[in-house]
Amino acid sequence: MLAPPSERLMSPDLLQRRTLEIGHALFDRIGRGPSVWDRSWWDDRLMDMTMDDPQVKVQLFRFIDALPTLRSADSVASHLLEYLGQAEDRVSWWLRGPLALARIGRLGSRLVASLARSGALHMARRFIAGETPQEALATVRALRLRGLAFTADLLGEAVISEAEADLYQHNCMKLIRALTSALASDPEIPLIDRDHEGPLPRVNLSLKLTSLTPRFDALHAEATVERVLDRLLPIFQSARQLGAFVNVDMEQFAYKDLTLAIFRSALCEPGFRDWADVGVVAQAYLPETEDDLRSLLEWVRGRGTPITVRLVKGAYWDYETLLAQQLGWPIPVYPEKWRTDANFERCCRFLMEHHNWLRPALGSHNVRSLAHGMAVAELMNVPNDSYEIQMLYGMGDPIQRALIGEGRRVRVYTPYGAMLPGMAYFVRRLLENTSNESFLKASFSARTSVDDLLKDPEETGAMWGKKRRSKAEVDSTLSLPPFRNEPHTDFSRPKAREEMRATLQKVRGELGRSYPLLIAGAETHTADELTSLDPGDLSTVVGRTARARSPEAEAAVAAARAAGESWSRTPADQRASIIARAAEIMRSRRFELAAWEVYECGKPWREADADVAEAIDFCDFYAREMIRLAHPVHRDVPGETNATEPLARGVAVVIPPWNFPLAIPAGMTTAALVSGNTVILKPAEQAAIIAWHLVQILHEAGVPPAALTYLPGRGEEAGQALVDHPGVNLIAFTGSRAVGLEINRRAAEPRPGQNHVKRVIAEMGGKNAIIIDDDADLDEAVVGVLESAFGYAGQKCSACSRVIALDGVYELFLARLCDAARDLTVGPADDPETVVGPLIDAEARDRVIAYAKLAATEGQVALSADIGQLAGRGNFVGPLIVAGVEPRARIAQEEIFGPVLAVLRARDLDEALLIANGTDYALTGGVYSRSPAHIDRVKRDFLVGNLYINRPITGALVDRQPFGGFKLSGIGTKAGGSDYLREFMLTRTVTENTMRRGFAPDLEEAETARATAPPG
Ligand SMILES: Cc1cc2nc3c(=O)[nH]c(=O)nc-3n(C[C@H](O)[C@H](O)[C@H](O)COP(=O)(O)OP(=O)(O)OC[C@H]3O[C@@H](n4cnc5c(N)ncnc54)[C@H](O)[C@@H]3O)c2cc1C
């Protein structure tokens, strides 16, 4: 906790007393909210009525979000009906009229569209100061006339191409120039144009660093810093020359450290070290903000020139909370509002204590928070004009007036820009204003008492503590932890990056070794070896393995059969705990396993990390599933017991691919093992070394050596020998369609000496499509398509290789897609900046190059990225986007397994679905749309194993998204789902007649005895 020296001298009672006095005085001036004569009063009443029902609120926000992209009146009317029609009886009266109009046809639609657009514009204008620099100038002049300073914010988030980042920079500089020249000759207003030291810049600009580069990513921090500085320094230069102030806003938590690093780096440049007209934002909802302020202070002292710190609570609370919950990461923000408020007060005390270095700007509409800051300043003798209060345009106008009345400098954050990029900002403000936690809502709508509004947050916290304790008592009664997905590594944390970098270095020193076969625990070397190369650097041998052929396959099957009885009779819960232990070992070697993937399979950092996490998930999930399935299912009747229970199949051959080098082999192997089968793992040649580590881990966890054989070899040699062998009961395969169908065919034929039917589990290819509806959010669609198509260079079976855009957005989508794809970095996987790594081997590269040539004849090449020097180093191919492709073209039908994306045009959703379903495959698919009716239609009619709505189509998570397709994509099993283990088992039913001469045991007693028996 921050405890500056003078705070220790300041009595808490005195501080609280002054806070209440100042707060009451402000409320006296405010008079509890806007009056009925204010426009905002009516807006707020309307909002309150509408937002009372949470479902209506969400639907209305979604409609507002989609509105700017809707081109026709019919489309506006149909969207309104789709979003709100079903809840018509719950929406407030003012929406019922438009809903009724929307139903009556063309004339009604026109009226509805015009009402909806003008209504949204009316609401947006409350928070957005104008669309053009001229409108912005008029607004800031009007603010100044009311005694308010301003900071202009250029709306625009989610920059996805270099061109868009250039435009943002250009617009920032244009705005600075326009405002400084216009305001220079305006008369000075001392309250806002001077502080305790002299004149202040009249023009104040707030900007977002993520808008200065399409790739703002902490994983490649150095490159991001460089790119952002290239655009930021000229803005600083121009601001300094023209005497303007620049504030760097704070965005999502993932960007915070990098934002601070860039801010510091820019201001340590020789031209800016002595520049004081700059500021940055601190968010009190982050517990670590206290530490950040301390280190900012240290840095500012070192620099020798003060800066301004705008202290806010933070605008992304819902986002941060949801995202962390989705990813399984610790939630970075305080979970309770009072904690944020209390931290705001602590940080405020720190700023006031050090106001000479960190000039405070208190950004809040909360009268308690502001009154506390003002009381602290007063008690610490900080001059009134050495700090300022900041508020958002359109929020808390009566508070602004009250503060001006008290002679305070108030600065209004004034966003301006086009409505489309403004929607994210507008919806954030609506969310904030209608949140139950909002101070403004409580003050002006809900009519909480002034005493409650001014309550010390710590006091509220004490009450919370009591409520929480009673909940914790209930939680502690929970038994075994349920399955939880292993969180991916958060590489925005410097520690994670350092650890990965060091581990890559360490693993590099272990490359080039030789690995034997492991049959029944015995190491077997062969005369010749298979070599695994780093696909990004063909001069590097990752490792060499022995090469199994028919005799070794024969020995492996014999060993696996011999071990079968003992392993299958090992109690299920014991097998499960061994597999769960393997998950633990993987967790402890997490970075090391990822590093092997980087070198052996060219997986970029995040992809490699996600693969290891998925392997851990498979182990943990199947272990729990086995415990669940091991319970026999009883269907007893008086005098007869019936028990159905699982049984291992026997010897399982596992043939995984190289593209998920740990997760897929781990998933198939552990599913087979945990269900009591012995396993022969024939790894992909290109990923044989990672498979070696998997086998080591499983043995270390307690899988008997004889129950798991490591048998690297060629598919057509060892693979075929295993598939044909009469002693094999099950083959689990993931890979190409051709090989999968061949395995299925061969396995179907009984061999001499074989007295069973082989079970084949085959996951094969895909020709996956994403549909882009004409109302799609293109910022998200472009990013989602890029990730799905070019992540791991398009070498995932779930990758998107066709994108079908509806007529209305085709051109715009294609242009933005190509702009964004142009900036994807192609390179070796160990470089954290790489997005598109190498292809797995020369054969893959040659195949993709051949398809690229074909593509040029089947469509127009819209983007073909140049890979320059990389060609000679590894199997690199840059992203290729081909437009105007016909649905039956080969590049729209055949699986390519590389960074090649075909873009197809569809008249409407019907045609898009026809194209999407028009291949031999049915693995993954997706749609970007904001029409609830279209989303429903796609859910019903897009027939694929895994369908994703408004998100990328790769990255399925165990348990949450069981993975697998049908048609020629696979046999229909779902890896990572609750039915998967059953595929690896037989079931047996035992019926016993328990009646002897009319007497049978009591059924209820037997039931109770069973329920209390341990599983296994
Ligand atoms: C001039 C200005 C500039 C701003 N710039 C930025 C910026 O650069 N970056 C940024 O992120 N925000 C910025 N904001 C927005 C700010 O962070 C707040 O979202 C907004 O001001 C509301 O806070 P409040 O104190 O006015 O209202 P209050 O109603 O007192 O507080 C609302 C805030 O409390 C927090 N909160 C809500 N629910 C919970 C909960 N359950 N647990 C914990 N905390 C919770 C959230 O931060 C929420 O916004 C800015 C605000 C102003 C006034």
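Refer to the structure presented above.
Rules and cut-offs
- Residues numbered from 1 in each chain as written.
- Predicted model: local features only at pLDDT ≥ 70, side-chain atom pairs only at ≥ 80, totals over all residues.
- Heavy atoms only, no water.
- Helix = DSSP H or I, 4+ residues; strand = E, 2+ residues; numbered from the N terminus.
- Rg over C-alpha atoms; globule rule 2.2 N^0.38 Å.
- Buried < 20%, exposed > 50% of the residue type's maximum accessible area, 1.4 Å probe, protein only.
- Contact = heavy atoms within 4.5 Å.
- Areas by Shrake-Rupley, 256 points an atom, 1.4 Å probe, with all protein chains shown as cover.
- Near = heavy atom within 4 Å.
- Polar contact = N/O pair within 3.5 Å; in protein donor to acceptor, adjacent residues only side chain to side chain.
- Nonpolar A, V, L, I, M, F, W, Y, C, P; charged D, E, K, R; others polar.
- Core = buried A, V, L, I, M, F, W, Y, C linked by side-chain atoms within 4.5 Å.
- Axes fitted to C-alpha atoms, helices over the stretch in contact; angles between N-to-C directions.
- Parallel < 35°, antiparallel > 145°, perpendicular 65-115°, else oblique.
- Left-handed = near helix turned anticlockwise from the far one by under 90°.
- Salt bridge = Lys/Arg side-chain N within 4 Å of Asp/Glu carboxyl O.
- Pairing = 2+ DSSP bridges.
- Phe/Tyr/Trp six-rings, centres within 6.5 Å; stacked < 30°, edge-to-face > 60°.
- Lys NZ or Arg CZ within 6 Å of the ring centre and 35° of its normal.
- Arc of directions from axis to C-beta.
- Disulfide = S-S within 2.5 Å.
- Expected span 1.5 Å × (residues − 1).

Trainee: Help me understand the overall build of the protein, please; the structure alone is not making it clear to me.
Mentor: Tallying secondary structure elements over the protein gives 36 helices and 32 strands in all. On C-alpha atoms alone, the protein measures out to a radius of gyration of 32 Å, which is about the 31 Å that the 2.2 N^0.38 rule sets for 1016 residues. Referenced to the eigenvectors of the C-alpha coordinate spread, the extents of the protein come out at roughly 100 × 75 × 70 Å. Burial status across the protein gives 58% buried among its 1016 residues. Sequence separation of at least 24 residues holds for 78% of the intrachain contacts in the protein that already meet a minimum separation of 6. Here the protein displays about 41,000 Å² of accessible surface, and carbon together with sulfur accounts for 54% of that area.

Trainee: Which parts of the structure should I look at to understand the site of the ligand?
Mentor: Around the ligand, 29 residues are found, and the nearest of them are Gly314, Thr340, Ser364, Glu432 and Phe439. A distance of 2.9 Å separates an oxygen atom of the ligand from a polar atom in the side chain of lysine 313. Separating a nitrogen atom of the ligand from a backbone N or O atom of tyrosine 334 is a distance of 3.4 Å. Considering the ligand on its own, with 930 Å² of exposed area, one finds that the protein chains cover 94% of that surface. If you list the elements that add at least two residues to the shell around the ligand, you get β6 (278-283), β7 (307-312), α15 (337-353) and β9 (388-392). Among the elements that make up the shell around the ligand, the one with the highest residue count is β9 (3 residues). For the shell around the ligand, a count of residues per class yields 13 nonpolar, 9 polar and 7 charged.

Trainee: Please explain the nonpolar core as it appears in this structure.
Mentor: The biggest cluster of nonpolar side chains holds 157 residues, and the ones touching the most others in it are Met586, Ile771, Ile772 and Phe813. Not counting chain neighbours up to four residues away, the residues in contact with isoleucine 772 comprise Leu778, Ala781, Val785, Val803, Ile804, Ala805, Leu806, Val809, Phe813 and Tyr928.

Trainee: Would you mind showing me how to read the side chain of glutamate 592 here?
Mentor: Within the element layout of this structure, glutamate 592 appears in helix α25 (residues 590-601). Among the residues examined, glutamate 592 registers a relative accessible area of 14% and is labelled buried.

Trainee: What am I meant to see in the packing of helix α34 (residues 909-917) against helix α35 (residues 932-941) here?
Mentor: Two numbers describe a pair of packed helices, the interaxial angle and the distance between the axes. Look at α34 against α35: their axes get within 11 Å of each other, and the N-to-C directions meet at 25°. The pairing of α34 with α35 is recorded here as roughly parallel in orientation. Where α34 crosses over α35, the two elements pack in a sense that is right-handed. Of the residues in α35, those touching α34 at Leu909, Asp910, Leu913 and Asn917 are His934, Arg937, Val938 and Asp941. The residue makeup of the contact of α34 with α35, split by class, is 3 nonpolar, 2 polar and 3 charged.

Trainee: Sorry, what's going on with the pattern of salt bridges here?
Mentor: Between side chains of opposite charge, a pair can form when the charged atoms approach closely. By the definition in use, this model includes 68 salt bridges. Ionic pairing is found between arginine 606 and aspartate 217, a salt bridge with its closest N-O pair at 2.7 Å. Of the two residues, arginine 606 sits in helix α26 (residues 605-630) while aspartate 217 sits in the loop between β4 (204-207) and α11 (221-242), which places them 389 residues apart along the sequence. Here aspartate 456 ties to arginine 368 by a salt bridge, and the two come within 3.8 Å at their closest N and O atoms. One end of the pair, aspartate 456, is in the loop between α20 (450-453) and α21 (457-475); the other, arginine 368, is in helix α16 (residues 367-379), with 88 residues separating them in the sequence.

Trainee: What should I look at first to understand the sheet that holds strand β24 (residues 800-806) in this one?
Mentor: Strand order in the open sheet formed by 7 strands is β25-β26-β27-β24-β23-β29-β30, and the pairing between neighbours is mixed. Where the open sheet ends on each side, the last strands, each with one partner, are β25 (860-864) and β30 (946-949). Between one strand axis and the next, the sheet turns through 20° on average, direction left out of account. Across 5 bridges, the pairing between β24 and strand β27 (residues 900-906) is parallel. Bridged to isoleucine 804 within β27 is leucine 904.

Trainee: What is the right way to read the packing of aromatic side chains from this model?
Mentor: Where two aromatic rings form a pair, the distance of their centres and the angle of their planes describe that pair. All chains considered together, the criterion is met by 18 aromatic pairs. With a centroid separation of 5.5 Å and an interplanar angle of 20°, the aromatic rings of phenylalanine 618 and tyrosine 622 are classed as stacked. Note that phenylalanine 618 and tyrosine 622 are positioned in helix α26 at a spacing of 4 residues, about one turn of the helix. Relative accessible area serves as the criterion here: at 0%, tyrosine 622 is assigned to the buried category. Following the ring pairs from residue to residue traces out a cluster consisting of Phe483, Phe618, Phe621, Tyr622, Tyr980 and Phe984. The lysine or arginine in question, lysine 603, covers the ring of tyrosine 792, its NZ or CZ lying 4.4 Å from the ring centre. Stacked on the ring of tyrosine 810, the Lys or Arg arginine 905 has its end atom at 4.0 Å from the ring centre.

Trainee: It is not clear to me how helix α14 (residues 317-327) should be interpreted in this structure. Could you clarify?
Mentor: Owing to its 3.6 residues per turn, the α-helix aligns residues three or four sequence positions apart on the same side. All of the buried residues in α14 are Glu320, Thr321 and Ala324. Angularly, the buried residues of α14 cover 95° about the axis, an arc narrow enough to put them on a single face. Trailing α14 by a residue or two, glycine 328 shows a phi angle of about 75°, which is positive.

Trainee: So what exactly am I meant to see when it comes to unusual backbone geometry here?
Mentor: Apart from glycine, the bulk of residues carry a negative phi angle, and the bulk of peptide bonds sit in the trans form. Positive phi outside glycine occurs at tyrosine 792, with the angle close to 50°. Relative to the helices and strands, tyrosine 792 is located in the loop between α31 (778-790) and β24. You can call tyrosine 792 buried: its relative accessible area is 0%. One non-glycine residue, lysine 967, lies in the positive phi region at around 45°.

Trainee: Looking at this structure, I do not really get the state of the cysteines. What am I missing?
Mentor: Between two cysteines, a covalent bond joining their sulfur atoms is known as a disulfide. Tallied over the full model, the rule gives 0 disulfides. Lacking any disulfide linkage, cysteine 797 is separated from the closest cysteine sulfur, that of cysteine 800, by 14 Å.

Trainee: Would you mind showing me how to read the sheet that holds strand β16 (residues 633-634) here?
Mentor: By way of backbone hydrogen bonds, the strands of a sheet pair with one another, either parallel or antiparallel. The strand order across the open sheet formed by 3 strands is β16-β17-β32, and the pairing between neighbours is antiparallel. Two strands in the sheet have a free side with no partner beyond their single neighbour: β16 and β32 (985-993). Direction of pairing for strand β17 (residues 640-648) relative to β32: antiparallel, over a ladder of 9 bridges. Looking at β32, one finds that leucine 647 is bridged to leucine 986.

Trainee: What am I meant to see in helix α22 (residues 494-508) here?
Mentor: Over its 15 residues, α22 extends 21 Å from the first C-alpha to the last, a length consistent with the 21 Å expected when each residue adds 1.5 Å. Every buried residue belonging to α22 is among Ala496, Arg497, Met500, Thr503, Leu504 and Val507, and all of these are buried. On an axial view of α22, the arc spanned by its buried residues comes to 130°, and they lie on one face. Away from its buried face, by an angle of more than 90 degrees, α22 presents the exposed residues Lys495, Glu498 and Gln505.

Trainee: Is there a simple way to think about the environment of threonine 305 in this case?
Mentor: Relative to the helices and strands, threonine 305 is located in the loop between α13 (289-303) and β7. Here threonine 305 falls in the buried class, since its relative accessible area comes to 9%. Along the primary structure threonine 305 and tryptophan 357 are separated by 52 residues, whereas in three dimensions their C-alpha atoms are 7.2 Å apart. Apart from residues no more than four positions distant in its own chain, threonine 305 is found in contact with Arg273, Asp274, Trp275, Ala276, Val300 and Trp357. One polar contact links the side chain of threonine 305 to the main-chain carbonyl oxygen of arginine 273, over a distance of 2.6 Å.

Trainee: Got a minute to help me understand the environment of phenylalanine 897 in this structure?
Mentor: Inspection of the secondary structure assignment puts phenylalanine 897 in the loop between β26 (880-883) and β27. A relative accessible area of 17% places phenylalanine 897 in the buried class. Between the alpha carbons of phenylalanine 897 and lysine 796 there is a distance of 7.1 Å; along the sequence they are 101 residues apart.

Trainee: Mind showing me how you'd approach the side chain of aspartate 193 here?
Mentor: Of note, aspartate 193 is situated in helix α10 (residues 190-193). Judged by relative accessible area, aspartate 193 falls into the buried class, the value being 2%. Polar contacts involving the side chain of aspartate 193 include one to the side chain of arginine 144, which spans 2.8 Å. When sequence neighbours within four positions are dropped, the list of residues in contact with aspartate 193 reads Arg144, Pro187, Glu188, Gly198, Pro199, Leu200 and Arg202.

Trainee: Any chance you could explain the packing of helix α23 (residues 550-569) against helix α29 (residues 715-724) here in plain terms?
Mentor: Direction vectors running N to C along α23 and α29 enclose 40°, while the axes themselves pass 8 Å from each other. Compared by their axis directions, α23 and α29 come out oblique. For the pair α23 and α29, the sense of crossing is right-handed. Judged by residue contacts, Ser550, Ala553 and Val557 of α23 engage Ala718, Ala721 and Leu722 from α29. By residue class, the composition of the contact of α23 with α29 is 5 nonpolar, 1 polar and no charged.

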